[in-house]
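Given next are the chains, with one letter for each unit.
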Amino acid sequence: MGTIAVMRFDALDRLNFFLADVRGGLGPFVGVFLFTQAHWSQAEIGAVLTVSGLVGIAAHPAVGAFIDRTRAKRQLLVVASFVLCGCGLAIIHAPSIPVVVAADIVMATLGAVFAPTVAAITLGLYGRDRLAERLGRNAAFDRAGNIFIAGIVGFVGVLASQTAPFYLTPIFAALAARAAFAIPAEAIDHNRARGLEDVDLAHPPQPGKLRDLLHYRTLLVYAAAAALFNFANAPTLSLIAQKLASENPGFESGVTSAAIILAQLSTIGMALIVERADLIGRKPLIVLAFAALFARDLACVFAETPLHLLAAQLLDGVGGGLFDALLPLVLADIMRGTGHYSLARGGLGFVQGVGGATSLSVAGFIVTSVGYAPTFLALAAVALAGLALVLVAMPETGPKR
């Protein structure tokens, strides 16, 4: 118990904080760099990132199945962190189509590693009664890490260079590695980490294949809702950042960082709400996330100044932040006792990735053809469709307390 208490206030918190720095240190800055420095058009950015993203996310189920099987979860996080840093450096040093496509395929594949592996480690460390509280805390430290890196990148980017995020991330990867290895390997219950609870451990379910997930109706409904959510959400920050950057030359990194910071500030509050999801219920919070996403996209339609666009970013924390913080908890509810937790997370990541990557291409085409306002309106319509699906078909998955 003492070991877990130390990790609760130290290693796992630091791991979430610095891994957010590694992932958030690249994120939307790739699109902004290609748009403002490499002089790619929105359509080119959307098309290339869509193709590479779709190829990369096809590996998500296999990565999830691997996470279920492996006991080297800490090492997996460390290796993935440094590979991600190498991909970012490759993009800024050689922003050609072959390099960007190859690097983004690897980065999209690694997207199946970070959050699912941290969630699996958390499941292996904490029991069911404390899971909502711990996952909410994970999300809060993750968002705090995003704010930290966005602030540093914005400051350094304005004073020095737009390539600053890509040189800072290896430092945070090293700090994340130190935090990962501070978690004792023997403290992780790898059976519980893949959802093996309330089963006969003498004859546990074996790690499965993607088609095995088709037997879980609630998972299929949730996956469809997640795909719609990502389609409506994935391009929004990039579009806001590109519009702000084009209207504020010389301050590209600064305005992009401001957009991220505003979203993450509101997300921390949402993560703390997830800690009380056992009392509130999962479904009401999912409904709130979709409603906020719809309101955010709709607000961008009518935004006329940079201040309006930045204000709309506050809703991203309520929408995207809340949905992301809930995801590992809802999935743990659905997959309890199956032994397929990370496989399901990989399958869900694949569906989300298809929705998000496809929307990048669609949004890029619409922006190039008719402008930003119609693009945001189309995204709002998709968010509304997802809200309707959750209200009609998604059951409550959480415990009744």
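Structure first, text after, so check above.
(A) Main features of the packing of helix 17 (residues 314-334) against helix 18 (residues 341-370). Here helix 17 crosses helix 18 at 140 degrees, and the two axes come no closer than 10 Å. The orientation of helix 17 with respect to helix 18, classified from their angle, is oblique. Crossing handedness for the pair helix 17 and helix 18: right-handed. Taken together, the residues of helix 18 that come into contact with helix 17 (itself represented by Phe323, Leu327, Pro328, Leu331 and Ala332) are Tyr341, Ala344, Arg345, Leu348 and Gln352. In terms of residue class, the contact of helix 17 with helix 18 is built from eight nonpolar, one polar and one charged.

(B) Seen up close, the nonpolar core. Residues Tyr222, Ile286, Phe290, Phe323, Leu331 and Phe376 are the most contacted members of the largest nonpolar core, which totals 61 residues. Listed by contribution, the elements that provide at least two residues to this core are helix 8 (114-125), helix 9 (128-159), helix 12 (217-247), helix 13 (252-274), helix 15 (282-302), helix 17, helix 18 and helix 19 (372-393). When sequence neighbours within four positions are dropped, the list of residues in contact with Ile286 reads Tyr222, Phe323, Leu326, Val330, Val390 and Met394. Counting residues in hydrophobic clusters, the runner-up holds 50 residues, among them Leu12, Leu19, Val22 and Leu76.

(C) Structural detail: the packing of aromatic side chains. If you walk through the whole model with that rule in mind, you get seven aromatic pairs. Between Phe17 and Phe148 the ring centres are 5.4 Å apart and the planes differ by 45 degrees, which places this aromatic pair in the tilted class. Of this pair, Phe17 sits in helix 2 (residues 11-24) while Phe148 is found in helix 9, placing the two residues 131 residues apart along the sequence. Taking the centre distance of 5.9 Å and the plane angle of 85 degrees together, the rings of Phe290 and Phe323 count as edge-to-face. Here Phe290 is found in helix 15, whereas its partner Phe323 is found in helix 17, with 33 residues between them in sequence. Three or more aromatic residues link up through ring pairs in this structure, and these residues are Phe17, Phe18, Phe148 and Phe172.

(D) Expanded view of helix 7 (residues 97-110). Helix length check: helix 7, at 14 residues, gives a terminal C-alpha distance of 20 Å against a target of 20 Å (1.5 Å per residue), a fit within 8%. Three or more residues of helix 7 are buried, namely Val100, Ala103, Asp104, Met107, Ala108 and Leu110. Burial along helix 7 is one-sided: seen end-on, the buried residues are contained in an arc of 150 degrees.

(E) Representation of the environment of Ile105. Mapping Ile105 onto the fold places it in helix 7. Sequence separation of Ile105 and Ser52 is 53 residues, and the distance between their C-alpha atoms is 4.8 Å. With near-sequence residues (within four places) excluded, Ile105 lies in contact with Ser52, Val55 and Gly56.

(F) Quick look at a nonpolar patch on the surface. On the surface, a cluster of nonpolar side chains totalling about 210 Å² of accessible area is made up of Val79, Val83 and Val106. Residue Val106 is classed as partly exposed on the basis of its relative accessible area, which comes to 32%.

(G) Molecular detail of the side chain of Arg143. By the secondary structure assignment, Arg143 is in helix 9. On the basis of relative accessible area, Arg143 is assigned to the buried category, the value being 12%. If we skip the residues at most four places from it in the chain, Arg143 touches Gln264, Thr267, Ile268, Gly320, Gly321 and Asp324.

Here is what the cut-offs are and how they apply
Residues numbered from 1 in each chain as written. Predicted model: local features only at pLDDT ≥ 70, side-chain atom pairs only at ≥ 80, totals over all residues. Heavy atoms only, no water. Axes fitted to C-alpha atoms, helices over the stretch in contact; angles between N-to-C directions. Helix = DSSP H or I, 4+ residues; strand = E, 2+ residues; numbered from the N terminus. Parallel < 35°, antiparallel > 145°, perpendicular 65-115°, else oblique. Left-handed = near helix turned anticlockwise from the far one by under 90°. Contact = heavy atoms within 4.5 Å. Nonpolar A, V, L, I, M, F, W, Y, C, P; charged D, E, K, R; others polar. Core = buried A, V, L, I, M, F, W, Y, C linked by side-chain atoms within 4.5 Å. Buried < 20%, exposed > 50% of the residue type's maximum accessible area, 1.4 Å probe, protein only. Phe/Tyr/Trp six-rings, centres within 6.5 Å; stacked < 30°, edge-to-face > 60°. Expected span 1.5 Å × (residues − 1). Arc of directions from axis to C-beta. Patch = residues over 30% accessible without salt bridge, like charges linked within 9 Å, V, L, I, M, F, W, Y side chains within 5 Å. Areas by Shrake-Rupley, 256 points an atom, 1.4 Å probe, with all protein chains shown as cover. Salt bridge = Lys/Arg side-chain N within 4 Å of Asp/Glu carboxyl O.

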